[in-house]
Amino acid sequence: MRIDPEKCTACAQCPDYCPVTCIHEGDGVYFMDEDECVECGVCLRDAGCPTEAIYMPEESNRYPRSIRAAFSDPAVQYPEELFPDLKQGGRGTEEMKTNDVTGNFPRGEFGMTLEFGRPGTGTRLREVEKVTTLLTSLGIRFEGSNALFFLLEEPERGVLKRELRDEKVLSIIVEFTLAEAQLETIVAALFEVLQTVDTVVSWGLVTRFEEDGSLPVTDRLEKLGLTVRPNAKVNMGMGRPIIED
Amino acid sequence: MSHSAHRCGTIRNLQNDYTMYARTSRHVNREGCGPKLRKILDIFLSENPVNFGSSHSGKSFAAGLDPEEYSRSLDKAYAVACCFSSASAIRNVLGKLKEADTGISIVVSGLIEEIKKIAEEVGLKPHTVLLSLGVHGRKELLPKEKVLEITTMCGHGLVATPLVEEVAEKVKEGKLTPEQGARFLAQPCPCGIFNLDRCVELLKEQLSEISQEGGEKG
Ligand code: SF4
Ligand code: SF4
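Keep in mind that what you see is a predicted model, and the values were worked out from it rather than measured.

## Side note on the overall build of chain A
In terms of helices and strands, chain A carries six helices and 12 strands. In terms of its C-alpha atoms, chain A occupies a principal-axis envelope of roughly 65 × 35 × 35 Å. Looking at chain A as a whole, 56% of its 245 residues are labelled buried. In chain A, once contacts between residues fewer than 6 apart in sequence are set aside, the share between residues at least 24 apart is 72%. As displayed, chain A has an accessible area near 10,000 Å², and 48% of this comes from carbon and sulfur atoms. The positive charge centre, built from 26 side chains, and the negative charge centre, built from 44, are 2 Å apart in chain A.

Below, the structure written as structure tokens:
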């Protein structure tokens, strides 16, 4: 995003709207630190600039920078040329939301989500690579149904496309499945690597409810030193035809 | 996007915060889903939601999305998101959805134990859960918890920390009511899952903490 210095009257209205605080004052006008800007579009949509000085320059739509808006602005779809096989009809993954009809997370497996840059700090994509390379070395595979897959140069080694490493996005999800028996190994390895990332990561785990409605994994997680929040996202089992096992 | 999974808060202030999401699956039930999504939206609207929308609508109800216009646009949609501030609304919506039997997946975010209780009352069997295991990495980058309780109501992270601090300050000075403050803060969240009622309560909570602190000091 950019501010037209000819139009900016330095009214100071827009800086507070920026989730990554990259709008600053200088030389009697405001400007954006374009290296830090994640192209989320909030300033343009919501700050109500009285002189319409805020605009999206052509460069923002050019690869590799175009990746920023694709991962930071919910109104922007993943560009088809970057994600040729995705065709999700939207930018979000179905994840566990449709697990009652897809069975993507069956009994005997867990799903794991690591949301880099969330809440609210943003992340350089190179931080993600620290985790994807570790996970592939532990036998985890990334699949083409996930947007992250298309950012990888070598999916089997978790290596990112070189030109994307310095790009910054508001958040990006690393999502994968693991066998129930792998939980302790994967969590221990992640604990270690997450101490080295230069951002925050919101960690989630997907599991089926037991027949009696219980969630035995919570005890295992707490033994591993992870605190399970009392609030969660629950698939109510109303999709049809339902996958029971 | 798991945009409602990681809301920060206490058991007490999450008590009246539920989001509901109807999501089609691209391989199973997306084709021609418009009329079913419309039916689901009607059911949501019948129980007095606080907010609704979806990322493709570009703006939420709180930011002026017209329900009828939105309903007409659902032929091109794949999901509908909505936010409620009472357990009874969720119970009633789930009851009506069960009766309507659209076959579209429904996800509810909120306190797990409360959701399980409601599911039992309505005769539903929860299928899968996404548990939130907290924030890791450089937590020193985060604002204070009271700010996070508000910013994380937009799971995409579009409600900025300085905006929350600015609004909280104006509410404290009496320049904005908590209700005006909440409406203001809901604007950047296009999906309609920013709970304005909870935001009002959180802003009031902050006010009462400030006055208590003042009392203690005085
Ligand atoms: S697009 Fe987003 S990150 Fe960039 S300056 Fe505007 S609000 Fe900040
Ligand atoms: S809102 Fe517009 S005029 Fe005011 S500081 Fe920002 S860019 Fe300049």
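## Regarding the domain arrangement of chain A
All names here are of chain A. Taken as a whole, chain A is organised into domain 1 (8–56) and domain 2 (94–223). Each of domain 1 and domain 2 has a C-alpha centre, and the two are 33 Å apart. Across the boundary between the two partners, domain 1 contributes six residues, which contact six residues of domain 2. The junction of domain 1 with domain 2 conceals about 510 Å² of combined surface from both sides, 48% of it contributed by carbon and sulfur atoms.

## A short note on the domain arrangement of chain B
All names here are of chain B. By the assigned domains, chain B splits into domain 1 (2–121) and domain 2 (139–217). On a C-alpha basis, the centres of domain 1 and domain 2 stand 23 Å from each other. On the side of domain 2, 23 residues touch domain 1, which itself brings 31 residues to the contact. Where domain 1 packs against domain 2, one counts two salt bridges. Arg-12 serves as the salt-bridge partner of Glu-205, at 3.4 Å between the closest nitrogen and oxygen. Put simply, domain 1 and domain 2 have 13 residue pairs in polar contact (both at pLDDT 80 or more) between them. Where the side of domain 1 that touches domain 2 is concerned, the elements lending two or more residues are strand 1 (18–23), strand 2 (51–53) and strand 3 (79–84). A per-class count over the side of domain 1 that touches domain 2 returns 11 nonpolar, 16 polar and four charged.

## Notes on the site of ligand 2
If you check the shell around ligand 2, you find 13 residues, and the closest are Cys-8, Thr-9, Cys-11, Cys-14 and Cys-49 of chain A. Split into classes, the residues belonging to the shell around ligand 2 amount to 10 nonpolar, three polar and no charged.

## Considering the packing of aromatic side chains
Residues and elements named next belong to chain B. In the structure shown here, the tally under the stated rule is six aromatic pairs over all chains. A centroid spacing of 5.9 Å and a plane angle of 25° characterise the contact between Phe-52 and Tyr-70, whose relative ring orientation is stacked. One end of the pair, Phe-52, is in strand 2; the other, Tyr-70, is in helix 2 (residues 67–73), and 18 residues separate them in sequence. Classification of Phe-52 by relative accessible area gives buried; the value is 1%. The exposure class of Tyr-70 is buried, given its relative accessible area of 1%. By the ring-pair criterion, three or more aromatic residues cluster together here, those being Phe-52, Phe-61 and Tyr-70.

## Here we look at the pairing of strand 3 of chain B
Residues and elements named next belong to chain B. Here strand 3 lies mainly inside the structure; six of its six residues are buried. Residues of strand 3 alternate between two faces, with Ala-79, Ala-81 and Cys-83 on one and Val-80, Cys-82 and Phe-84 on the opposite face, all of them buried. As defined by bridge partners, strand 1 adjoins strand 3 across six bridges and the pair is classed as antiparallel. Paired with Met-20 across the two strands is Cys-82, which belongs to strand 3. As paired elements, strand 2 and strand 3 share three bridges and run antiparallel to each other. Within strand 3, the residue paired with Gly-53 across the bridge is Ala-81.

## Some details on the interface of chain B and chain A
Facing the 69 residues of chain B at the interface are 79 residues of chain A. Interface area, chain B with chain A, both sides summed: about 6,700 Å², of which 59% is carbon and sulfur. Where Asp-198 of chain A meets Arg-138 of chain B, a salt bridge forms, and the shortest distance between an N and an O atom there is 2.4 Å. Seen at the junction of chain B and chain A, the total is 27 residue pairs in polar contact (both at pLDDT 80 or more). Listed by contribution, the elements that provide at least two residues to the side of chain B that touches chain A are strand 1, helix 3 (87–100), strand 4 (105–111), helix 4 (112–122), strand 5 (128–137) and helix 6 (161–172) of chain B. If one sorts the elements of the side of chain B that touches chain A by residue count, strand 5 of chain B sits on top with 10 residues. Tallied by class, the residues present in the side of chain B that touches chain A amount to 35 nonpolar, 23 polar and 11 charged. In terms of strand pairing, strand 12 (residues 231–235) of chain A meets strand 5 of chain B through four bridges, oriented antiparallel. Along strand 5 of chain B, the bridge assignment pairs Lys-233 of chain A with Leu-130 of chain B.

How each quantity is defined
Residues numbered from 1 in each chain as written. Chains lettered and ligands numbered in written order. Predicted model: local features only at pLDDT ≥ 70, side-chain atom pairs only at ≥ 80, totals over all residues. Heavy atoms only, no water. Helix = DSSP H or I, 4+ residues; strand = E, 2+ residues; numbered from the N terminus. Buried < 20%, exposed > 50% of the residue type's maximum accessible area, 1.4 Å probe, protein only. Contact = heavy atoms within 4.5 Å. Areas by Shrake-Rupley, 256 points an atom, 1.4 Å probe, with all protein chains shown as cover. Lys, Arg positive; Asp, Glu negative; His and termini not counted. Charge placed at Lys NZ, Arg CZ, Asp CG, Glu CD. Domains from an automatic or database assignment. Buried area = accessible area lost by both parts, 1.4 Å probe. Salt bridge = Lys/Arg side-chain N within 4 Å of Asp/Glu carboxyl O. Polar contact = N/O pair within 3.5 Å; in protein donor to acceptor, adjacent residues only side chain to side chain. Nonpolar A, V, L, I, M, F, W, Y, C, P; charged D, E, K, R; others polar. Near = heavy atom within 4 Å. Phe/Tyr/Trp six-rings, centres within 6.5 Å; stacked < 30°, edge-to-face > 60°. Pairing = 2+ DSSP bridges.

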